[in-house]
Structure formats: structure tokens, C-alpha cells
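Residues per chain are reported as follows:
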Amino acid sequence: MTEKPLTLLEKDAIYCSWGDTVHYADPPKVFTSCEGSYLYDEQNTPYLDLQMWYSAVNFGYRNPRLNEVLKRQIDTLPQLACQYLHAEKVELAETICQYVEQKYGVKGRVHFNVGGAQAVEDSLKIVRNATGKNLMFAFMGGYHGRTLGASAITSSYRYRRRFGHFSDRAQFIPFPYCFRCPYGMKQESCGMYCHNEFEKLFETEYNGVWDDKAKQAEYGAFYVETIQGTGGYVIPPAGYFPKLAKTLKERNILLVVDEIQMGVYRTGKLWSWENFGIVPDVFIFGKAITNGLNPISGIWAREEFINPQVFPPGSTHSTFSSNPLGTATALEVLRMTQEKELEPELRAKGAYFLQKLQELKTRWKMIGDVSGMGMALRMEMCTADGYTPNRQLADRIFNEGLKGDLSLDGKTYGLVLDIGGYSKNVFTLAPSLTITRAEIDLGLALFEQLLQRCGAQ
């Protein structure tokens, strides 16, 4: 008797490590195709995606223009060892550097890698080489990756617990999370209390970070996400980052911005730090720079930290860094962003989405904080008091959305969401930048169905 063939999920359970993918959905969801703002399952049911591969696919799935560039590159120069030059690498670096220099008057260079965490690792080498310091500041709630160095500056102990002692673990500073202020303050009256507490660390050597006689900190850099990603798309109050940048500059501590999730117009500007009145010493990019196609990541750093005299050839290495397929795609992504001014359109569309979320909040007690910047939006699931985190409700909504059995106007849909936040109760919304207002309305209607189905109040 012939044995019944194993299903894909049965094979996954037998052959695949679960350590390299996150099996949050039960059972894991299988998709077979995608286009625009939608994923499609084996029954060809459309799932409106409101997280777009953790903000990697900013310009929509199967974007025809970007796919075509990738196809052309495959037929011309698909492979080249990173010890050689090709036009796409140099022109991509030029585009990024000229953007920063022309807008902000700061000269820098670009260094490439493949994944975001690898670029974070390379940035740590740049910082250590420039400062001679191996200790860093980072934010509570921050996420920078899961390699060993990146885990050391990511606040979640969960990512380190299995792997022994991290002697270079960052000192973690509370993020200005005003809805859930770690100090119990109110934004309108706190006087930027969180930043004042950070500055106090430098008042005396006995706070463990500063030698007042030598005028030196023990810390080389402060790693920040200007808007926290996995932490729940937390947006800081206006004025916070200029104060922080001033404090760091006075202590010769570098400011490093992780743009991996918020870069490439997610916040309405090319780089999220542009919204906050700062220019970092180093910033790290990845994900959406290739629209989720052949991946690359990279670092922009100020000239004095990355020129060949201080950071010579061989300081880092990755076989697939600056690969032609990735750099060609990334170069086309940036050309698309330069052909027309994207900010007004994205600001308007994000404001429309946020307004609709705020209207939804007025109808449901269990929706707490709702906020957003550009096309990075957040919605906290709470108990009926509108404040206490409600992880159970968020988990139910997440899983129900993946069942693909929501009905609207005679059509069947699914809804793809992502959960973040300190208490895993925040829906972090990162729709395609090309999403239409009709699709925004569809997403909100489907989400309200999920609220009803999951017993929200």
C-alpha cells in the first residue's frame, strides 16, 4: 500500500529548524504568491498585508519596475566577488552619500553587507576602531538583530539567554515611551525627565560611565532607533533627539541610528532620523533598500570614521556584500524615490490611515494608544480600561486574521498583521507605500471584523 505523501507542514515539522524562522502562527501559514499589497494562499485567497515583511517591501510585492531591473541584471552581471568593483555598487554608494552631503553638508562613505544584523556588526567595528571603546549605550525596547554583537545591544534578554555571558552587553537606557512612561510621568509636565535622567549619569564618576578628570566616557556610541521597530513603533516626543545628540556630542560619544526597519520612506522621509533634527555619526540601512529582493545592507559613516586611512581594506568581509543583484535593485529603488517628491503623498496617506485608526479607537475600549508617523503606525490592544496590555487579544486577532475566512462584499479575505511592543500587545502597521485608500479602508473593515470575532469591547 502506497504511503500518503507528507504535507508541507508535516515536512516542516520533521526537517526544518524552528530556530531560524518564527513559528508564531499555529499552524504556520503557507503562502504561494503575492502582488501589490496582497499575499495569496494555496486556495488563492487574498490576504491584505499590513506589515509587508517587517517593512522590507515598501514598494509592493512583485513591483514590475524593480523585478525588471533584477531580471536585466541576471542577464548581464549576476555574480561578482566583492573584491572587484562594479558600477551598481559605486553608483549606489554615491547616491546615498550625495543625498546626505547635499542636504546636510556632511561628507561620508558607504560600506556594504548583506543582512541588517551583519551591518550592525560592521558598525560596531567602525565604532570600536574610531573610539577605542567596546561598550555601548542602547535603548530599552530597541532591536538591532540576533547575531552575538547585535544581541548585546538589543535589550531583550530572551535573545541572549541560551548563549552564555555577554561581557560587552550594552547599558540600556529607557526610551521616551510617553504612553507607558517608565518613570510614571506625564509628557505635558515632565520637562523631558527621561533625558534629564540620562544626563545625570555624567554628573559624577560614581555613576559608572564618566571620568570627569579625563573627560572621557567608558562608552563609544549610543545605538538608537529613532522610532522603535520591534519595540512597538514607539515615537519619541518632539525635541528629545536633539537634546540627546547634544549630550552625546559633548561627551564624544557617537550617535548611531539603526534605519533597518524605518528607512526608505517608511516615516515619510528617506531616513527616519531626518524627522528629528539630527544628523547621526553612523546610520545602518537594509530591508527596504532592495524592496525585499536580493538583499543587501549597509552603513553610512562620517568620513573621519570610515576613510581608508582609518578603516582600511579587509577591516570586515562578507562574501555577498555589495552583490550586483542587490545593488542594482537598490539603485533603482533610490532612483524611484528621486523622480518625484514622495513625502507629501506619504504624509497625506499616513494621516488618512491614522485618522481612521483614531476613529476606530473611539468605538472600541480595548484599543489603547494609537499613533503614527508617515506610514509607520501603531495600535495597542488593551483591556477595557484602555491601558493595561492585552496580549491575549492581540494574539487571537493575529491568528484569526491568518485563517483567511473574513468576508466582505461577497469576497473572502485574510489579514496579515505583526505584533510588537514591550508587552507584545501592539499591532505595528507597515503597509506598502503604494497602498490605496480603498485598501486602507478594506484593512480597517477586516480588522473591525476581527475585533468582533475575538470578543473585544
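The structure displayed is predicted, hence computed values, not measured ones. (Residues numbered from 1 in each chain as written. Predicted model: local features only at pLDDT ≥ 70, side-chain atom pairs only at ≥ 80, totals over all residues. Heavy atoms only, no water.)

With reference to specific residues and values, describe helix 13 (residues 437-453).
Taking 1.5 Å as the rise per residue, helix 13 with 17 residues should run 24 Å; its terminal C-alpha atoms sit 24 Å apart, in good agreement. Where helix 13 is concerned, the buried positions are Glu439, Ile440, Leu442, Gly443, Leu444, Leu446, Phe447, Glu448, Leu450 and Leu451. Just downstream of helix 13, Gly455 is the residue with a positive phi angle, here 75°. (Helix = DSSP H or I, 4+ residues; strand = E, 2+ residues; numbered from the N terminus. Expected span 1.5 Å × (residues − 1). Buried < 20%, exposed > 50% of the residue type's maximum accessible area, 1.4 Å probe, protein only.)

I'd love a proper account of the sheet that holds strand 9 (residues 219-224), names of residues and values included.
Hydrogen bonds between backbone groups are what pair the strands of a sheet, and the pairing can be parallel or antiparallel. Strand order in the open sheet formed by seven strands is 4-12-11-10-9-5-6, and the pairing between neighbours is mixed. Single-partner strands in this sheet number two, and they are strand 4 (108-113) and strand 6 (171-173). Between one strand and the next, the sheet's axes are offset by a mean angle of 20°, whatever the strand orientation. (Pairing = 2+ DSSP bridges. Axes fitted to C-alpha atoms, helices over the stretch in contact; angles between N-to-C directions.)

Help me get a handle on the nonpolar core, residues and values and all.
Of all hydrophobic cores here, the largest spans 109 residues; its most connected members are Phe137, Trp271, Met381, Ile397, Phe427 and Phe447. Per element, the largest residue contribution to this core is seven residues, and it comes from helix 13. Apart from the residues within four sequence positions on either side, Phe427 is in contact with Leu377, Arg378, Met379, Met381, Ala394, Ile397, Phe398, Leu417, Asp418, Ile419 and Phe447. Counting 24 residues, the second-largest nonpolar core is a separate cluster that includes Ile126, Val127, Val256 and Ile306. (Core = buried A, V, L, I, M, F, W, Y, C linked by side-chain atoms within 4.5 Å. Contact = heavy atoms within 4.5 Å.)

Mind laying out the packing of helix 7 (residues 193-200) against helix 8 (residues 240-250), listing which residues take part and the relevant values?
The interhelical angle for the contact between helix 7 and helix 8, taken along N-to-C directions, is 10°, at an axis separation of 10 Å. The orientation of helix 7 relative to helix 8 falls into the category roughly parallel. On helix 8, the residues that touch Cys194, His195, Phe198 and Glu199 of helix 7 are Tyr240, Lys243, Leu244, Thr247 and Leu248. (Parallel < 35°, antiparallel > 145°, perpendicular 65-115°, else oblique.)

Which residues make up the environment of Glu343, and what are the values?
Note that Glu343 resides in helix 11 (residues 343-363). Residue Glu343 is classed as partly exposed on the basis of its relative accessible area, which comes to 21%. Within the structure, the side chain of Glu343 is placed 3.1 Å from the side chain of Lys269, a separation counted as a polar contact. (Polar contact = N/O pair within 3.5 Å; in protein donor to acceptor, adjacent residues only side chain to side chain.)

Please set out the state of the cysteines residue by residue, giving values where relevant.
Under the counting rule described, the total for this entry stands at zero disulfides. Cysteine Cys181 remains unbridged, with the sulfur of Cys190 as its closest cysteine sulfur at 6.5 Å. (Disulfide = S-S within 2.5 Å.)

Please set out the sheet that holds strand 1 (residues 31-35) residue by residue, giving values where relevant.
In spatial order, the strands read 1-2-3-16-15; together these five strands make up an open sheet with mixed pairing. Pairing within the sheet leaves two strands with one partner each, and these edge strands are strand 1 and strand 15 (406-408). Strand-to-strand twist of the sheet, defined as the mean angle between neighbouring strand axes without regard to direction, takes the value 40°. As paired strands, strand 1 and strand 2 (residues 38-41) are joined by four bridges and run antiparallel to one another. Each bridged residue has a counterpart across the sheet, and for Phe31 the counterpart in strand 2 is Asp41.

Can you explain unusual backbone geometry? Please cite residues and give values.
Its identity is not glycine, yet Val264 carries a phi of approximately 65°, on the positive side. As for its placement among the helices and strands, Val264 is situated in the loop between strand 10 (254-258) and strand 11 (282-285). Residue Asp409 is not a glycine yet carries a positive backbone phi of 55°. Considering the arrangement of structural elements, one finds Asp409 in the loop between strand 15 and strand 16 (411-416). Under the relative-accessibility criterion, Asp409 is labelled exposed at 74%.

Describe a nonpolar patch on the surface, naming the residues involved and giving the relevant values.
Residues Leu6, Ile14 and Tyr15 make up a contiguous nonpolar surface patch of about 340 Å² in total accessible area. By secondary structure assignment, the location of Tyr15 is in helix 1 (residues 8-15). (Patch = residues over 30% accessible without salt bridge, like charges linked within 9 Å, V, L, I, M, F, W, Y side chains within 5 Å. Areas by Shrake-Rupley, 256 points an atom, 1.4 Å probe, with all protein chains shown as cover. Salt bridge = Lys/Arg side-chain N within 4 Å of Asp/Glu carboxyl O.)

If you had to explain helix 3 (residues 64-74) to someone new, which residues and values would you point to?
Within helix 3, the full set of buried residues consists of Leu66, Val69, Leu70 and Gln73. On an axial view of helix 3, the arc spanned by its buried residues comes to 95°, and they lie on one face. Tucked inside the fold, the buried residues of helix 3 contact helix 4 (87-104) and helix 10 (324-339). Of the residues that open helix 3, the one with a side-chain oxygen 3.1 Å from the backbone nitrogen of Arg65 is Asn63. (Arc of directions from axis to C-beta.)

Give me the lowdown on the pairing of strand 16, citing residues and values where you can.
Bridge analysis of strand 3 (residues 46-49) against strand 16 gives three bridges, and the strand direction is parallel. Bridging from a neighbouring strand, Leu48 pairs with Leu415 of strand 16. As defined by bridge partners, strand 15 adjoins strand 16 across three bridges and the pair is classed as antiparallel. Across the sheet, the residue bridging to Leu406 is Tyr413, located in strand 16. Turn length for the strand 15-strand 16 hairpin, with the two strands adjacent in sequence and antiparallel, is two residues, and the turn residue Asp409 shows positive phi of about 55°.

Run through the pairing of strand 4, naming residues and quoting values.
Counted residue by residue, strand 4 has five buried out of six residues, so it is predominantly covered. Of the pairings in the sheet, the one linking strand 4 to strand 12 (residues 297-302) comprises six bridges and is antiparallel in character. Its bridge partner being in strand 12, Phe112 is matched across the sheet by Gly298.

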